[in-house]
Amino acid sequence: MSMLTLASAPEEAAALEGAEAHHARLAGELAGRVTMLLTAVDRDPAAAERIHAGLVAFCDRSLLPHAAVEEAALYPAAHRLPEARLLVESLIGEHRGLTALVDALRSAPGPAAAAADARALQVLFEEHVAKENGLVLPLLATTAEVSLAALLADMHHRLADGTAADGAPQTQDDEEGHDMRGRETDEPGGCGGVCGCGGAEEAAEPELDVREVPHSLRHAAVFGALDAVPAGTAVVLVAPHDPLPLLAQIEQREPGVFSVEYLERGPEAWRLRLSHR
């Protein structure tokens, strides 16, 4: 019997499912951005600079605020349950580890120096949400005196009320050079090297190999990677099959923004260049 069927009410089952989906989107976008950084470090340092900055902005905009509202709205309810108390305290400790890794990314002198911390951040966050999905959220959903749906609604309200976790007002732009969705905006003077314009070889384009990404995170990883691709640049996607459903989702998400060119059509891998018009 699945944990969803054990939830104390239908709305609790729906809340549990929605929370897990949100975690998958966050973990997927983080995986996409980290993979882009790791490949760009070896292929094109100029591209890696922009991807590094975009990764830090994503963490400041999404990852760290999510952790902060969990501690404010979700964890206290779980901490009151004796069987979850020690687990919640360890999860709070992991939040401190996530914050330290983001600080290390922010202060790194360059993307090459940030690569190890970026990978460590991805691994820690994926392990962290696995504990939340597998232990904390199901426990709250199956505890009759707790409303997971109400706790998650409180989290969403705190994230949407226009203030950061520390109470400081949030601006529309997370930082100069990034729009509200986290995509790096265009700057005068070219693409920053991501697309390889000006005679660079195709190999300079960042590559995202989703064959190495867990299936549940793949689409979110691609969306995260695409959010790191400025206009006039491209990323090469490597997939284990022809990703037609994914391409349809990309077009639905951002109509007319990306053009697709097949570089290889199986049988081991499909390679596609996704160019941001």
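As a reminder, the structure under discussion sits directly above these lines.
The following paragraphs examine the structure supplied in this document.

Rules behind the numbers
Residues numbered from 1 in each chain as written. Predicted model: local features only at pLDDT ≥ 70, side-chain atom pairs only at ≥ 80, totals over all residues. Heavy atoms only, no water. Helix = DSSP H or I, 4+ residues; strand = E, 2+ residues; numbered from the N terminus. Expected span 1.5 Å × (residues − 1). Bend = angle between axes of the 7 residues up to and from the residue. Polar contact = N/O pair within 3.5 Å; in protein donor to acceptor, adjacent residues only side chain to side chain. Core = buried A, V, L, I, M, F, W, Y, C linked by side-chain atoms within 4.5 Å. Buried < 20%, exposed > 50% of the residue type's maximum accessible area, 1.4 Å probe, protein only. Contact = heavy atoms within 4.5 Å. Pairing = 2+ DSSP bridges. Salt bridge = Lys/Arg side-chain N within 4 Å of Asp/Glu carboxyl O.

### Quick word on helix H3 (residues 45-79)
Part 1 of the reasoning: With 35 residues, H3 extends just 45 Å between its outermost C-alpha atoms, more than 12% less than the 51 Å of an ideal straight helix rising 1.5 Å per residue.
Part 2 of the reasoning: Along its length, H3 reaches its greatest deviation from straightness, about 45°, at glutamate 71.
Part 3 of the reasoning: Residue aspartate 44 occupies the N-cap position of H3, its side-chain oxygen lying 3.0 Å from the main-chain nitrogen of alanine 46.

### Description of the nonpolar core
Part 1 of the reasoning: Counting residues in each nonpolar core, the largest one holds 47 residues, and the members touching the most others are Leu30, Leu55, Leu121, Phe125, Val222, Ile250 and Leu274.
Part 2 of the reasoning: When residues of this core are traced back to their parent elements, those giving at least two are helix H2 (10-43), H3, helix H4 (85-107), helix H5 (111-142), helix H7 (218-227), strand S2 (234-239), helix H8 (244-253) and strand S4 (270-276).
Part 3 of the reasoning: Excluding residues that lie within four positions of it along the chain, isoleucine 250 makes contacts with Val222, Phe223, Leu226, Phe258 and Leu274.
Part 4 of the reasoning: In terms of nonpolar packing, the next biggest core, distinct from the first, is built from 24 residues, Leu74, Val136, Leu137 and Leu151 among them.

### Considerations on the pairing of S4
Part 1 of the reasoning: Most of S4 is tucked away, with 5 of its 7 residues classed as buried.
Part 2 of the reasoning: Pairing analysis gives 6 bridges linking S2 to S4, with the strands arranged antiparallel. Bridge assignment links valine 236 to a residue of S4, and that residue is arginine 273.
Part 3 of the reasoning: Of the pairings in the sheet, the one linking strand S3 (residues 258-265) to S4 comprises 7 bridges and is antiparallel in character. Bridged to valine 260 within S4 is leucine 274.
Part 4 of the reasoning: Here S3 folds back onto S4, and the loop between the two strands holds 4 residues, one of which, glycine 266, carries a positive phi near 70°.

### Points about the environment of methionine 155
Part 1 of the reasoning: Positionally, methionine 155 belongs in helix H6 (residues 148-160).
Part 2 of the reasoning: C-alpha separation for the pair methionine 155 and glutamate 71, spaced 84 residues apart in sequence, amounts to 9.5 Å.
Part 3 of the reasoning: Those residues in contact with methionine 155, other than ones at most four positions away along the chain, are His66, Val69, Glu70, Ala73 and Leu74.

### Overview of the pattern of salt bridges
Part 1 of the reasoning: Scanning the model with the defined rule gives 13 salt bridges in all.
Part 2 of the reasoning: Between arginine 273 and glutamate 261 there is a salt bridge; the shortest N-O distance is 2.5 Å. Taken together, the residues span a long stretch of sequence, with arginine 273 in strand S4 and glutamate 261 in strand S3 at a distance of 12 residues.
Part 3 of the reasoning: Put simply, Glu29, Arg33 and Arg61 are held in one network by salt bridges that share partners.

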